[in-house]
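Breakdown of the fold
Below, each chain spelled out in residue letters.
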2 protein chains.
Amino acid sequence: MTQTMDDKKIIKVHDSDNVAIVIGQGGVNAGTELQAGLIAVADIPQGHKVALSDIPSGAEVIRYSEIIGTATETIPLGGHVNEHNIALRQPPALHELESATREYGPPERLEGYTFQGYRNADGSVGTKNVLGITTSVQCVAGTVEHVVKRIKAELLPKYPNVDDVVGLTHTYGCGVAINAPAAIIPIRTLKNITLNPNFGGEVMVIGLGCEKLQPSTLVSEQPVKMYDSSEEASATGNILSLQDEQFVGFAEMVAGIMAMAEQHLAKLNQRRREPCPVSELVVGTQCGGSDAFSGVTANPAVGFAADLIVRAGGTVMFSEVTEVRDAIHLLSPRVVDKGVGEKLVQEMQWYDDYLAQGQADRSANPSPGNKSGGLSNVIEKALGSIAKSGTSPIVDVLGPGERISKRGLNFVATPASDFICGTLQLAAGMNMHVFTTGRGTPYGLSMVPVIKVGTNTTLSRRWHDLIDLDAGRIASGEATIETMGWELFHLILEIASGREQAAVDRLGIHNDLALFNPAPVT
Amino acid sequence: MTQTMDDKKIIKVHDSDNVAIVIGQGGVNAGTELQAGLIAVADIPQGHKVALSDIPSGAEVIRYSEIIGTATETIPLGGHVNEHNIALRQPPALHELESATREYGPPERLEGYTFQGYRNADGSVGTKNVLGITTSVQCVAGTVEHVVKRIKAELLPKYPNVDDVVGLTHTYGCGVAINAPAAIIPIRTLKNITLNPNFGGEVMVIGLGCEKLQPSTLVSEQPVKMYDSSEEASATGNILSLQDEQFVGFAEMVAGIMAMAEQHLAKLNQRRREPCPVSELVVGTQCGGSDAFSGVTANPAVGFAADLIVRAGGTVMFSEVTEVRDAIHLLSPRVVDKGVGEKLVQEMQWYDDYLAQGQADRSANPSPGNKSGGLSNVIEKALGSIAKSGTSPIVDVLGPGERISKRGLNFVATPASDFICGTLQLAAGMNMHVFTTGRGTPYGLSMVPVIKVGTNTTLSRRWHDLIDLDAGRIASGEATIETMGWELFHLILEIASGREQAAVDRLGIHNDLALFNPAPVT
């Protein structure tokens, strides 16, 4: 702990709050004086809440100037407030929400910042140069992974401007109720992922042949054509199906995929970075393994950086329906018009119904680790989570798997599951990813750079090689939300330009896609 | 085509059938004489059905002596019968089924066959010797895959009796409604996979720390303890969580996993094969990429081999609810008692409800490729699918993710999706896998040997290095169901003993687990 941290033992977010969180590593013991007139009457772990006044049974517990629950017993001044002594309230009623009521002044434009990106023919801009190989069905995933290894070893070194080759494998395509209403979600997700700017329009599709999801659903169809010269096989096209009768045996399938890959690698190898305005950034934000610091350090810093990007004309998305649902009354006033407000309510209602159908509700969140980290319930988690959205107006709301069409701050409705959310943000078109964590997660994607922001210094130091930025310095007073927000903004530009590498890219830790399929499997 | 195939142009399964399927590669043109008095009046592709009499509109179309649909138009003698001119009927009503009515004579025991297996302390027998590394949460999947590569390269060569190291990664563990009723399915699946006999009781769990699914749910808990000698790190235990404070940075996490893996590799390396009776085999059967030959060549041959294994005291499972649902009236009489009959009905009802909840039904199956292969609808597919079960009594019915407890023929209720079914059969305890395919799929698992049986010679020849056994020889008259069944039985014993390798193991094509999670994600 630094000297500064010793000076300040708790963080109170808002004047009206009747709880604050304990800052220091290891927490505090009963009897510790936390500030003048406030003595802990119980042992309180790091990040957990202390009562700033006597809170009678049934009274409201206030954090972020919002009600996070009601006391289930009388909690004395200095007492430990946690999931065992506060009760969850009903979430805000969706039909009573005020929509588009916030007044926004003229935008305070931010000029003069650029990054080095890859411009694509469709106008989008990439931050990496990656050969994406998707599949129309899970049956070919093992084959694709097998071939990707060979492409990396044998072909990639010949194309030095290409950063990576990625198998966009998944568990969809057959053995699924492809005509069920909710099947639209995984299908449009897979289709829109092929349009992600980092793939430069060169995505290949490997299919089987007999699957329900036909490859032409995903890309405009150019079936593979093989040519045999005296030297070696070459190929054109972007779709190859293993059952195609031209392939006799596995070795020929592999050779076909390799030949097709080489053609796309050659095209990608011609891409060059050029200066691009920040308005071409599409930043996906997410939090995972959150703790009570998330909402006062890393997430507000991300929100500040998000505002900078929006002011520069860029695009930011935030997501995670179950982690905004209880703070929806704070978001609904921020939408730009009633139409967007209706979309927001529809997405919330869809998820309420989806959870109810499975006999669950939003209290399935938070996780045990969130609770150990001081987050008593999903209301407190949501209030911290939405800090990532900053203060900009919400220009659009997208359903899961849809692609962004408006610059500015977008709400992209996704599950909070990190991998599903990341996959859906990829489909939405993100070219940069910012991920905050308090408990710690090695989350990484190979398709876009993932910047990891630690919410507390304890974690950021222990995971020194996994965390890119320590927002815990806000708690200790070494930084402010504003300085940290600017630091993150500059880091985004450096990493988007390929001048710095994100920690997970340095270490080579990359997760697979995880599709959201709320429709039945068969 | 062989001489024999030229002699016989169609296969009629049962005397009462009014359709037969066309055998030869390329199908037949209109005007071809198929047998005395039968001339094709349309072009009919290979595997597709020809009408053996005039079938009036509204009349029943009969194959396998069962009604597979009703004609939607008058189909002339020699006409092409397919999904466009037959209508799907309602599936058999579950409350009207006759249960446990089939009389079985005393079992005709088969003696004298053994295989070389790995006996485990719990009495189960393995057919491979594999270090399984599972995870309690998807967050660590990228890390596990990263470390598995290093273990394979750096440690595995030191333990020559160990066949492989497998990351049992999946998309469950957090961001899920873990208390929803249906969550029991993925949770028991993951737990029971750790008990699969091929892992020899040495499965390790890599966790994160903050996840909902705690590692102790999966294995009896022995948290990792690290020891630093002057030389290198060593470890005991079977659970390692990345958030554990003893790991400072990613490199230490990797070192911890490697050290723990080495301890388990050393134990596995002491396993030795020994002669085991066939009663220790647990064979999972599956079909995927089926065609109209499946039900007359490969599946009946698998059924014959299944009967041999059951006669020798072994265990066979068949699965795929949507592909038995329409033939359930043929299975229900075969259960050993009313209790098992009730379990069978319950599993069917559960799936009917599950599909209805997603606004789908069993007509979501078959796939376009099944139809191209001659399977007009799910009834015809089901009648061919259940041929895999042979003729033995059904001793038990298991829910998805449950573990087998009775020797003999078991129905394990799973989706028909190949990967989900395979994952659930792994959880049920299979130590051998037999997979039939007509259209072709490169399906493979690294955890158990997968024998691929081709339903037709066209595929088996083209995919010469991917198919282990060509059951298409039954259609051409070169083999019978009985000779092919015995051939498969002997091949199972050879591969189970490690004396031969399955094609997918030779080629190294292996798919990941695919969990069945009918509960909501959050």
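As the structure is a prediction and not an experimental result, all values here were calculated from the model.

**Some points on the overall build of chain A**
When you go through chain A residue by residue, the secondary structure sums to 13 helices and 25 strands. Against the 2.2 N^0.38 benchmark of 24 Å for 522 residues, chain A shows a C-alpha radius of gyration of 24 Å, consistent with a compact globule. With the principal axes as the frame, chain A shows a C-alpha extent of 85 × 45 × 45 Å. Across the 522 residues that make up chain A, the buried fraction comes to 65%. The long-range share in chain A, meaning contacts at least 24 apart out of those at least 6 apart in sequence, stands at 71%. Here chain A displays about 17900 Å² of accessible surface, and carbon together with sulfur accounts for 48% of that area. Taking the average location of the 41 positive side-chain charges in chain A and that of its 58 negative ones, the two points are 2 Å from each other.

**A short note on the relation of the copies chain B and chain A**
Superposition record for chain B on chain A: RMSD 0.0 Å, screw rotation 180°, translation along axis 0.0 Å. When the rotation and shift are considered jointly, the pair of chain copies conforms to a two-fold rotation axis. A share of 99% of the interface residues of chain B reappears at the interface of chain A, consistent with the copies meeting face to face through the same patch.

**Comments concerning the pattern of salt bridges**
By the definition in use, this model includes 38 salt bridges over all chains. A salt bridge links A:Glu320 to A:Lys388, with the shortest nitrogen-to-oxygen separation between them at 3.3 Å. Here A:Glu320, found in the loop between β20 (315–318) and α6 (328–331), pairs with A:Lys388, found in the loop between α9 (378–385) and β21 (394–398); they are 68 residues apart in sequence, far enough to count as distant. Under the relative-accessibility criterion, A:Glu320 is labelled buried at 0%. Of the charged contacts, one joins B:Arg473 and B:Glu487 as a salt bridge, the two residues approaching to 3.1 Å between their closest N and O atoms. Here the residue B:Arg473 occupies a position in the loop between β25 (469–470) and α12 (481–496), and B:Glu487 occupies one in helix α12, the gap between them amounting to 14 residues. Sharing partners across several salt bridges, the network here consists of A:Arg119, A:Glu274, A:Glu280 and A:Arg407.

**A few points about the sheet that holds strand β14 (residues 204–207) of chain A**
Residues and elements named next belong to chain A. The parallel open sheet is built from four strands, whose spatial order is β13-β12-β14-β17. The open sheet terminates on both sides in strands that have one partner only, identified here as β13 (164–168) and β17 (239–241). Taking the axes of each pair of neighbouring strands and ignoring which way they run, one obtains an average angle of 20° across the sheet. Relative to β17, β14 runs parallel, the two being bridged by three bridges. Note that in β17 the partner of Val205 across the bridge is Ile239. Helix-sheet contacts for helix α4 (residues 250–268) involve β12 (130–135), β13, β14 and β17, and the interaxial angle to β14 is about 165°.

**Details of the packing of aromatic side chains**
All names here are of chain A. In the structure shown here, the tally under the stated rule is 24 aromatic pairs over all chains. When the ring of Tyr113 is compared with that of Trp486, the centres are 6.0 Å apart and the planes differ by 45°; the resulting orientation is tilted. Taken as a pair, Tyr113 in the loop between β9 (86–87) and β10 (114–119) and Trp486 in helix α12 (residues 481–496) lie far apart in primary sequence, 373 residues in all. Their ring planes at 50° and their centres at 5.3 Å tell us that Phe419 and Tyr443 sit as a pair that is tilted. With Phe419 in helix α10 (residues 418–428) and Tyr443 in the loop between β23 (432–437) and β24 (450–454), the pair connects residues that are 24 residues apart, well separated along the chain. Taking relative accessible area as the criterion, Phe419 reaches 6% and is therefore assigned buried. The exposure class assigned to Tyr443 is buried, which follows from its relative accessible area of 0%.

**Quick look at the interface of chain B and chain A**
Counting residues at the interface gives 70 residues for chain B, matched by 69 residues for chain A. Both faces considered, chain B and chain A share a buried interface measuring about 4900 Å² in area, 63% of it formed by carbon and sulfur atoms. On inspection of chain B and its partner chain A, the count reaches zero salt bridges. Summed over the shared surface of chain B and chain A, the result is 25 residue pairs in polar contact (both at pLDDT 80 or more). Among the residues making up the side of chain B that touches chain A, the classes are represented as 36 nonpolar, 25 polar and nine charged.

**Considerations on the sheet that holds strand β6 (residues 60–63) of chain B**
Backbone-to-backbone hydrogen bonds pair the strands of a sheet. The strands run either parallel or antiparallel. Residue and element names in this part refer to chain B. In space, the three strands of this open sheet follow the order β6-β7-β9, with antiparallel pairing throughout. Because the sheet does not close on itself, it has two edges, and the strands there are β6 and β9 (86–87). As paired elements, β6 and strand β7 (residues 66–71) share four bridges and run antiparallel to each other. When the bridges of β7 are listed, Arg63 appears paired with Glu66. Contacts between helix α9 (residues 378–385) and the sheet are confined to β6 and β7, with β7 contributing the most and set at about 165° to the helix.

**Considerations on the layout of surface pockets**
All names here are of chain A. Of the volumes computed, that of the second largest pocket is approximately 640 Å³. Together, 27 residues line the second largest pocket, and Val13, Tyr64, Gly295, Pro300 and Ala387 are the ones closest to its centre. If you list the elements that add at least two residues to the lining of the second largest pocket, you get β1 (10–11) and α5 (298–311). If you tally residues by element for the lining of the second largest pocket, the top one is α5, at four residues. Of the residues contributing to the lining of the second largest pocket, the split by class is 14 nonpolar, seven polar and six charged.

**With respect to unusual backbone geometry**
In the Ramachandran plot, A:Gln359 falls in the positive-phi region, its phi being about 55° despite a non-glycine side chain. Looking at the secondary structure, you find A:Gln359 in the loop between α7 (338–357) and α8 (368–372).

**A look at helix α7 (residues 338–357) of chain B**
Residue and element names in this part refer to chain B. Taking 1.5 Å as the rise per residue, α7 with 20 residues should run 28 Å; its terminal C-alpha atoms sit 28 Å apart, in good agreement. Those residues of α7 not exposed but buried are Val340, Gly341, Leu344, Glu347, Met348, Tyr351, Tyr354 and Leu355. All buried residues of α7 fall inside an arc of 160° around its axis, so they share one side. Every exposed residue of α7 that faces more than 90 degrees away from the buried side is listed here: Lys338, Glu342 and Gln346. On its buried side, α7 packs onto α6 (328–331), β21 (394–398) and β22 (408–412). Structurally, the start of α7 carries an N-cap: the backbone nitrogen of Gly339 is 3.0 Å from a side-chain oxygen of Asp337.

**A word on the environment of A:Gln116**
Residue and element names in this part refer to chain A. Here Gln116 is to be found in strand β10. The exposure class assigned to Gln116 is partly exposed, which follows from its relative accessible area of 25%. When the C-alpha atoms of Gln116 and Gly126 are compared, they prove to be 9.2 Å apart, with 10 residues separating the residues in sequence. Not counting residues within four places of it along the chain, the set of residues in contact with Gln116 comprises Arg273, Glu274, Pro275, Ala496, Ser497 and Arg499.

**A short note on the confidence of the model for chain A**
Detailed reading of the predicted coordinates is not advisable wherever pLDDT falls low. Residue and element names in this part refer to chain A. Residues with a pLDDT of 70 or more make up 98% of chain A, whose mean pLDDT is 95. When the criterion is pLDDT under 50, residues 1–6 qualifies, and its contacts beyond four places in sequence or with other chains add up to 11 contacts. The complex prediction reports pTM at 0.95, with the ipTM value standing at 0.93.

**Notes on the environment of B:Asp307**
Residues and elements named next belong to chain B. Relative to the helices and strands, Asp307 is located in helix α5 (residues 298–311). Exposure remark for Asp307: the relative accessible area of 14% places this residue in the buried category. A sequence separation of 82 residues divides Asp307 from Ser389, and the C-alpha atoms of the two residues are 8.0 Å apart. With residues near it in sequence (within four places) discarded, Asp307 still touches Ser389, Gly390, Thr391 and Ser392. At a separation of 2.7 Å, a polar atom in the side chain of Asp307 contacts the side chain of Thr391.

**Examining the side chain of A:Asn410**
Residue and element names in this part refer to chain A. Its place among the elements puts Asn410 in strand β22 (residues 408–412). Only 3.0 Å separates the side chain of Asn410 from the backbone oxygen of Lys406, close enough to count as a polar contact. Within the local environment of Asn410, its side chain forms a polar contact with the backbone oxygen of Gly408, the two atoms lying 3.2 Å apart. Sequence-distant contacts of Asn410, that is, excluding residues within four places in its chain, are made with Thr315, Val316, Met317, Phe318, Val395, Asp396, Leu398 and Ile404.

So, how was this worked out
- Along each chain, residue indices are assigned from 1 in the same order as the chain's sequence is written.
- Chains and ligands are labelled by the order in which they are written, letters from A for the one and numbers from 1 for the other.
- For a predicted model such as this one, the threshold for reporting local features is a pLDDT of at least 70, and the threshold for listing and counting side-chain atom pairs is 80 or more; totals across whole chains, interfaces and linings nevertheless cover every residue.
- To obtain the side-chain values, all non-hydrogen atoms of the structure were used and water was disregarded.
- Strands are runs of DSSP state E lasting at least 2 residues, helices are runs of H or I lasting at least 4, and numbering of each runs from the N terminus.
- Only C-alpha atoms enter the radius of gyration; for comparison, a globular chain is expected to reach 2.2 Å times N to the power 0.38, where N is the number of residues.
- A simple rule labels every residue: compare its accessible area, found with a 1.4 Å probe on the protein chains alone, to the largest value its type can have, and call it buried under 20%, exposed over 50%, or partly exposed in between.
- Contacts were defined at the residue level, with two residues in contact if any of their heavy atoms lie within 4.5 Å.
- Surface accessibility follows the Shrake-Rupley procedure with a 1.4 Å probe radius. Residue values consider only the protein chains on display as shielding.
- Within this scheme the basic residues Lys and Arg register as positive and the acidic residues Asp and Glu register as negative, but His and the chain ends are omitted.
- Note that the charge is assigned to NZ on lysines, CZ on arginines, CG on aspartates and CD on glutamates.
- Superposition of the copies used a least-squares fit over C-alpha atoms from residues whose pLDDT is at least 70 in both.
- Salt bridge, as applied in this entry: a Lys or Arg side-chain nitrogen positioned within 4 Å of an Asp or Glu carboxyl oxygen.
- DSSP calls a pair of strands paired once it identifies at least 2 bridges connecting them.
- Note on geometry: axes are lines fitted to C-alpha atoms, helical ones only across the stretch in contact, with angles between N-to-C directions running from 0 to 180 degrees.
- Stacked, tilted and edge-to-face are the three classes applied to pairs of Phe, Tyr and Trp rings, where Trp contributes its six-membered ring and a pair requires centres within 6.5 Å; stacked means planes under 30 degrees apart, edge-to-face means over 60, and tilted covers the rest.
- Throughout, the accessible surface (probe 1.4 Å) given up by two parts as they are put together, summed over both, is called the buried area.
- We define a polar contact as two N or O atoms separated by no more than 3.5 Å, with the added condition that, inside protein, one atom must be a possible hydrogen donor and the other a possible acceptor, whereas residues neighbouring each other in sequence contribute only through side-chain atom pairs.
- Polarity classes work like this: nonpolar for Ala, Val, Leu, Ile, Met, Phe, Trp, Tyr, Cys and Pro, charged for Asp, Glu, Lys and Arg, and polar for all others, with Gly in that last group.
- The method works on a 1 Å grid over the protein atoms by themselves. A cavity is a set of points holding a 1.4 Å probe that cannot get out, a pocket is an open set with protein on both sides within 12 Å along at least five of seven lines, and residues with an atom within 4 Å of a point line them.
- Grid points are joined across faces, edges and corners, and a volume is the space filled by probe spheres set on the points.
- Any helix carries an expected span of 1.5 Å times its number of residues minus one.
- The arc in question is the one traced by the directions running from the helix axis out to the C-beta atoms.
- Confidence of the prediction at every residue is given by pLDDT, a number between 0 and 100.

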